[in-house]
Amino acid sequence: MGSDAETIVDPDTYLRGVPYEALARLRSRAPVVWVEEPAVDSWPAGPGFWAVLRHADVRHVLRHPRVFSSQLGATQIRDPAGSAALAYVRRMMLNLDPPEHSRLRGLLTQAFTPRAVARLERRIEGWARDLVAAVADRGECDFAKEVAADLPLLTLAEVFGVPAADRWLMFDWSNRVIGYQDPEYAVSARADATGSTDMARRAIALRPVPDAAGRMPDPRTREGMPDLYAYAAELGEYKRRRPGEDVMSNLMRHVDSDGGRVGIAEFENLFWLFSVAGNETLRNGLPGGMLALAANPQAQAALRADRSLLPGAVEEMLRWWTPVMHFRRTATEDTELAGTRIRAGDKVVVWFSAANRDPAVFGEPDTFRITRSPNDHLSFGHGPHFCLGAHLARVQLRAMFAAVLDLLGEVEPGGEPVRLRSNFQNGIKSLPIRWQG
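A short tour of the structure in this document, coming up. Being a predicted model, the structure only gives us computed values, none of them experimental.

**Here we look at the overall build of the chain**
Then step 1. Scanning the chain from terminus to terminus reveals 17 helices and 12 strands.
Then step 2. Taking the principal axes of the C-alpha coordinates as reference, the chain spans close to 55 × 55 × 50 Å.
Then step 3. The buried share of the chain, taken over its 437 residues, is 57%.
Then step 4. Taking contacts inside the chain between residues at least 6 apart in sequence as the whole, the part at least 24 apart equals 70%.
Then step 5. Element-wise, carbon and sulfur atoms account for 52% of the exposed surface of the chain, whose accessible area totals about 17,900 Å².
Then step 6. The centroid of the 53 positive side-chain charges in the chain is displaced by 3 Å from the centroid of its 55 negative side-chain charges.

Below is the structure:
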């Protein structure tokens, strides 16, 4: 058994679950701790990083992008493979700092018009009900695979105006990017050309395959995701020529105050971000919430008796599960955080899994309590990079669990969950459940 610091960076740890006890011990010793960065799989060792574990300090880092930059070293713990890879990922919205980030975020915010959002909300409620109804008579299902996986895909396809037949491409893309440490997800290829559009078939023809050593190309580079970028470029050009009623069509036809428009390269990077982040966070948040409910029959009974408790229950699911476990920033100058001296260029990693169980903020933090209020969780981040899709994520969670409460009886575990091998995303690949209608 390694040290607590070694435990939290080892992706094998997360096959058994998030190491909350190790995070709590580290936080009790110091709010900001130095963590060595060992080699993981084919990735070389790094210089190490500061792990920020307290709720207040995580908020501080996220609120001050001038000192703690997303762009300087990007937002993943491991460094990009070289200067060209770093230059490329720096152009992604996730890795931008103000003012560039503010411009792109402003354009996106305007694209999510009230009309477009209302249309999405109506469709999400219908999709959620249909997905649950499809399994309701069986008395059991794999909630992660058969129900939770499809709702974010359907929603994202609607946001982008992607034909529904092509949505499983996004399933594979997010698997490969988020699950690069997981041997199954790293080579995900569920989508095939059967029934897909011509655009999808051209993209699938470019899908990379493992090399002689069984390694896939780095999915956080353009070269590692040629199929995604080919599809995004073609889709962006199509939306510019023939816009529809979807959010991305709104984005492509919008002109900002300086007369600028979103370029195809920017559209490609937004497509990458939404296809991966917009899909994976919810796809794991849904089974995470179900895992909590299935283990807490009293919470289920309370929700069936009083549906007004559902919005609060969704916030507690987000806190208790915390789909994205951490994000990195890089110090732009010598500074101090919680009494710890940090030098310019140091990696500073905010650990949401620890902050969301900080006993200074949350009483009985390890307890799932649907009436918890206030619930100032950080699962959608904080500051300039607060998740743009937070509203739609909450809509999907509420719609899914409303359908579960309406159409299924009391849900209980139907077997052991299978967890994603990842030290970044708190993922569930399989979640058997059963019920009696």
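**Structural notes on helix α2 (residues 20–29)**
Then step 1. Taken together, the buried positions of α2 are Tyr 20, Ala 22, Leu 23, Leu 26 and Arg 27. Viewed end-on, α2 has its buried residues packed into an arc of 160°, placing them on one side of the element. Exposed side of α2, more than 90 degrees from the buried face: Glu 21, Ser 28 and Arg 29 are the residues found there.
Then step 2. Tucked inside the fold, the buried residues of α2 contact α1 (4–9), β1 (32–37), α15 (310–321), β8 (347–351) and α16 (352–355).

**Structural notes on the nonpolar core**
Then step 1. Of all hydrophobic cores here, the largest spans 122 residues; its most connected members are Phe 143, Tyr 231, Met 248, Phe 271, Trp 272 and Leu 286.
Then step 2. In terms of residue count, helix α13 (residues 264–294) provides more of this core than any other element does, 15 residues in total.
Then step 3. Aside from chain neighbours lying at most four places away, what touches Leu 286 is Phe 143, Ala 148, Leu 151, Pro 152, Gln 396, Leu 397, Met 400 and Phe 401.
Then step 4. Ranked by size, the runner-up nonpolar core spans 19 residues in total, among them Ala 5, Val 18, Ala 51 and Ile 77.

**What about helix α14 (residues 297–305)?**
Then step 1. Looking only at α14, the buried set comprises Ala 299, Gln 300 and Leu 303. Angular distribution of buried residues about the axis of α14 spans 100°; they occupy a single face of the element. In this structure, α14 carries Gln 298 and Ala 305 as exposed residues pointing more than 90 degrees from its buried face.
Then step 2. On the buried face of α14, the contacting elements are α13, α15, α17 (390–407) and β9 (411–413).

**Description of the pattern of salt bridges**
Then step 1. Taken as a whole and assessed by the stated rule, the structure comprises 37 salt bridges.
Then step 2. The shortest N-O distance in the salt bridge between Arg 78 and Asp 218 comes to 3.4 Å. With Arg 78 in the loop between β3 (68–69) and α4 (83–89) and Asp 218 in the loop between α10 (198–204) and α11 (226–241), this pair connects stretches of sequence that are 140 residues apart.
Then step 3. The salt bridge partner of Asp 79 is Lys 347, with a shortest N-O separation of 3.1 Å. Placement of the pair is Asp 79 in the loop between β3 and α4 and Lys 347 in strand β8, with a sequence separation of 268 residues.
Then step 4. Looking at Asp 79, the relative accessible area reads 34%, which means it is partly exposed.
Then step 5. It is possible to trace a salt-bridge network through shared partners that takes in Arg 115, Arg 119, Arg 123, Glu 158 and Glu 245.

**Focus: the packing of helix α6 (residues 114–136) against α17**
Then step 1. Two elements in contact, α6 and α17, have axes separated by 9 Å at closest approach and are oriented at 35°. Pair α6 / α17 crosses with right-handed handedness. From α6, Val 117, Leu 120, Glu 121, Ile 124, Glu 125, Ala 128, Arg 129, Leu 131, Val 132, Ala 133 and Ala 136 reach across to α17, where they touch His 391, Leu 392, Val 395, Gln 396, Ala 399, Met 400, Ala 403, Val 404, Asp 406 and Leu 407.

**Here we look at the side chain of Lys 239**
Then step 1. Tracing the chain through its elements places Lys 239 in helix α11.
Then step 2. Judged by its relative accessible area of 5%, Lys 239 is buried.
Then step 3. At 3.4 Å, the side chain of Lys 239 and the backbone oxygen of Gly 161 are in polar contact.
Then step 4. Residues in contact with Lys 239, not counting those within four places in the same chain, are Phe 160, Gly 161, Asp 246, Ser 249 and Met 252.

**Remarks on the sheet that holds β8**
Then step 1. Spatially, the 5 strands line up as an open sheet ordered β1-β2-β8-β5-β3, and their pairing is mixed. Each edge of the open sheet is held by one strand with a lone partner, namely β1 and β3.
Then step 2. Judged from the 2 bridges that link them, β3 and strand β5 (residues 326–331) form a sheet pairing that is antiparallel. What sits directly across from Ser 69, in β5, is Thr 330.
Then step 3. Together, β2 (46–52), β3, β5 and β8 form the strand contacts of helix α3 (residues 55–63), whose direction differs from that of β8 by roughly 125°.

**Considering the environment of Ala 128**
Then step 1. Mapped onto the secondary structure, Ala 128 falls in helix α6.
Then step 2. Measuring from C-alpha to C-alpha, the distance between Ala 128 and Leu 151 comes to 6.5 Å, with 23 residues separating the pair along the chain.

**Regarding the pairing of strand β12 (residues 432–435)**
Then step 1. Because side chains alternate across β12, one face comprises the buried residues Ile 433 and Trp 435, and the other comprises Pro 432 and Arg 434, none of which is buried.
Then step 2. Relative to β12, strand β4 (residues 140–142) is paired through 3 bridges, and the arrangement is antiparallel. Residue pairing for β12: Asp 142 is matched across the bridge by Pro 432.
Then step 3. Both β9 and β12 contribute to a ladder of 3 bridges, which runs antiparallel.

Calculation notes
Residues numbered from 1 in each chain as written. Predicted model: local features only at pLDDT ≥ 70, side-chain atom pairs only at ≥ 80, totals over all residues. Heavy atoms only, no water. Helix = DSSP H or I, 4+ residues; strand = E, 2+ residues; numbered from the N terminus. Buried < 20%, exposed > 50% of the residue type's maximum accessible area, 1.4 Å probe, protein only. Contact = heavy atoms within 4.5 Å. Areas by Shrake-Rupley, 256 points an atom, 1.4 Å probe, with all protein chains shown as cover. Lys, Arg positive; Asp, Glu negative; His and termini not counted. Charge placed at Lys NZ, Arg CZ, Asp CG, Glu CD. Arc of directions from axis to C-beta. Core = buried A, V, L, I, M, F, W, Y, C linked by side-chain atoms within 4.5 Å. Salt bridge = Lys/Arg side-chain N within 4 Å of Asp/Glu carboxyl O. Axes fitted to C-alpha atoms, helices over the stretch in contact; angles between N-to-C directions. Left-handed = near helix turned anticlockwise from the far one by under 90°. Polar contact = N/O pair within 3.5 Å; in protein donor to acceptor, adjacent residues only side chain to side chain. Pairing = 2+ DSSP bridges.

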